[in-house]
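Observations on the three-dimensional arrangement
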Amino acid sequence: MEITDEQPVLSVAAAHKTYGTFTAVDSVSFAVRRGECFGLLGPNGAGKTTTIRMIYGFSPATGGTIQVFGQDIRTGFRRIRARLGVCQQGNTLDPDLSVLENLLVFASYFGIKRREAEVRAAELLAFFALEAKKRFQYDELSGGMARRLMLARAIINRPDLLILDEPTTGLDPQSRNTLWDRLLDLKRQGMTILLTTHAMEEAERFCDRLCIIDHGRVAAEGVPAALVAARAGCYALEVESPEEAMAEHLHEAGIRFDRSGRRLIVYGDDKAALIALRERFCAEAGFIRAATLEDVFLRLTGRELRE
Amino acid sequence: MITDARFSWLFLAVWRRNLRVYRRIWVINFLPPMLEPLFYLLAFGLGFSGLISEVVWHGRAMSYTDFFAPSMLAATVMWQAFLETSYSSFVRMFYQKTYDSLLATPLTVDEIIVAEIVWGATRAVIAAAAMLAVVAALGYAPSWQALAVLPIAFLGGLTFGAMGMAFTSVTSSIDMFNIPVFLVITPMFLFSGTFFPLTGLPAWAAGLASTLPLYHLAELTRSACLGLLGPASLGSAAVLAAFAAVFIPLSLVGMRRRLVK
């Protein structure tokens, strides 16, 4: 089936996954349009990786329908995966091979001819600043280099959809920024991207749309800025150990707020109202900042630790 | 809606990956199969010849080393293929997560597992060829039929490779491989008409031993080296093929269950 502009690159409809009595994904639905970057956000154990694995056919869904490029993953897994780039969580590079060989051998799994693979590998090594390292063995690579190589490997088949499972987790700020720059380049070239991440600030900046999933369900979906405006507001007042009277007042006045340990966070669009609150209850201990996606995330998924 | 095939020639890409890694350390891979026959034949030829004057195999009298040299070819095929699809495949699957990355490409579980088994058989052929060169140079493979050792090694390699992979599919930790090695492979190595003809065993034990795949593999390598391949050899080949025909599907079922989560 040919893809039309209206048809989503990926559509997940009521996807469901159980392991015995445990439900990992409980009816998740979303669609990714061509050329956009779509984020899947959620706390650990929310079902992000399981969802991603269902999409590329690593884990068969227990229920629901997953279509990629208009084909069902259950029947078209080989045709779909030929056009998919997957950067798995954690390092799955081949430790028996050098940097260059990792690319060449991976290309062969897609049936890409040797000569073509060499051309693409050279391009990718240059693009990811790995040219000088191409003869390096696996154990000579730093975490940032390994992740760049993972990403280079994932796009050796020039995929129509790139799936990234926590691409920046565990990297230092320099490596993380380099990686985001490269991802931004790919996005500008028109690559459709689906990613999971814990990095809220990065998701807010990078994703055109995103959905927050928790307990295997979609808790919210939309454009990042719109989600922040709708679910939190423009501003947040953070107060350290406020008097109980403050919470009571907020409760009575019906103002949105959250507790996080000893902290209290009040949301609102009216900055003057928040300033007034601060003057009244906590002149020293409170500060006002812009509301962020992290506020939305924590509002939706709760502030307690997930273990 | 057409469903994509579960098996295609793409499995050769995984086979080529293993060959590439093997070639990087080819000296280390080549030395054992070439040195082992030298050591064994030296030890048995010099040390044993005073104790055992000759051995009778299928009514033919021969020196002990003539009897034993082809056994080493069979044993090498078994060890090479079995160790490749047990320990080595387990390392790739469990520690290196290589299969996880392969399953994000168009490859299927079936293709990966068949490639590993065929690779184990290929390794067995390479080792058998290196060993055969030494064995023949020492005069223990006087017949041209000895070249048939190579296809025989491939068949035997598939059999033992499939057995190794079937164990791997149900093994939870690498230490568990001690169980098949000491309960299956080592006894087979000792009692399959390799070190002595089965006629030296009580009837029940000889009957049992003659059902073992290594017995049939050793019969084949010995017949080939001595130029005695005949109709009985087809029977032995059929037994090996039957073992492969059982264990290849078993390892596919086991690995699908293990890898598809």
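Residues numbered from 1 in each chain as written. Chains lettered and ligands numbered in written order. Predicted model: local features only at pLDDT ≥ 70, side-chain atom pairs only at ≥ 80, totals over all residues. Heavy atoms only, no water.

**Focus on the interface of chain B and chain A**
The partner chain A presents 33 residues to the 31 residues of chain B that form the contact. Interface area for chain B against chain A, summed over the two sides, is near 2900 Å², with a carbon-plus-sulfur share of 54%. Of all residues in chain B, Asp4, Arg20 and Lys261 of chain B bury the most surface against chain A, accounting for 23% of the area lost on that side. Where chain B touches chain A, the interface holds 6 salt bridges. The tally of links between chain B and chain A comes to 21 residue pairs in polar contact (both at pLDDT 80 or more). Elements represented by at least two residues in the side of chain B that touches chain A include exactly helix 1 (11-24) and helix 4 (98-102) of chain B. At 6 residues, the largest contribution of residues to the side of chain B that touches chain A is made by helix 1 of chain B. (Contact = heavy atoms within 4.5 Å. Buried area = accessible area lost by both parts, 1.4 Å probe. Salt bridge = Lys/Arg side-chain N within 4 Å of Asp/Glu carboxyl O. Polar contact = N/O pair within 3.5 Å; in protein donor to acceptor, adjacent residues only side chain to side chain. Helix = DSSP H or I, 4+ residues; strand = E, 2+ residues; numbered from the N terminus.)

**Comments concerning the nonpolar core**
All names here are of chain A. In this structure, Leu10, Phe30, Leu162 and Leu194 are the most contacted members of the largest nonpolar core, which totals 159 residues. Viewed by domain, this core spans two of them, domain 1 (10-224) and domain 2 (234-290), each represented by three or more residues. Apart from residues no more than four positions distant in its own chain, Leu162 is found in contact with Gly85, Leu151, Ala154, Ile155, Leu183, Leu186, Met191, Thr192, Ile193 and Leu194. By size, the runner-up hydrophobic cluster in this structure holds 12 residues, among which are Val239, Met246, Leu250 and Phe257. (Core = buried A, V, L, I, M, F, W, Y, C linked by side-chain atoms within 4.5 Å. Buried < 20%, exposed > 50% of the residue type's maximum accessible area, 1.4 Å probe, protein only. Domains from an automatic or database assignment.)

**Here we look at the domain arrangement of chain A**
Domain assignment breaks chain A into domain 1 (10-224) and domain 2 (234-290). Inter-centroid distance (C-alpha atoms) of domain 1 of chain A to domain 2 of chain A is 39 Å.

**Brief notes about the sheet that holds strand 12 (residues 257-260) of chain A**
Residue and element names in this part refer to chain A. The 4 strands lie next to each other as 12-13-11-14, forming an open sheet whose pairing is antiparallel. A single partner strand is all that each edge strand has here, and the edge strands are strand 12 and strand 14 (286-290). Going across the sheet, the axis of each strand differs from the next one's by a mean of 20°, ignoring polarity. Two elements, strand 11 (residues 235-240) and strand 13 (residues 263-268), share 6 bridges in a ladder whose sense is antiparallel. Of the residues in strand 13, the one forming a bridge with Tyr235 is Gly268. (Pairing = 2+ DSSP bridges. Axes fitted to C-alpha atoms, helices over the stretch in contact; angles between N-to-C directions.)

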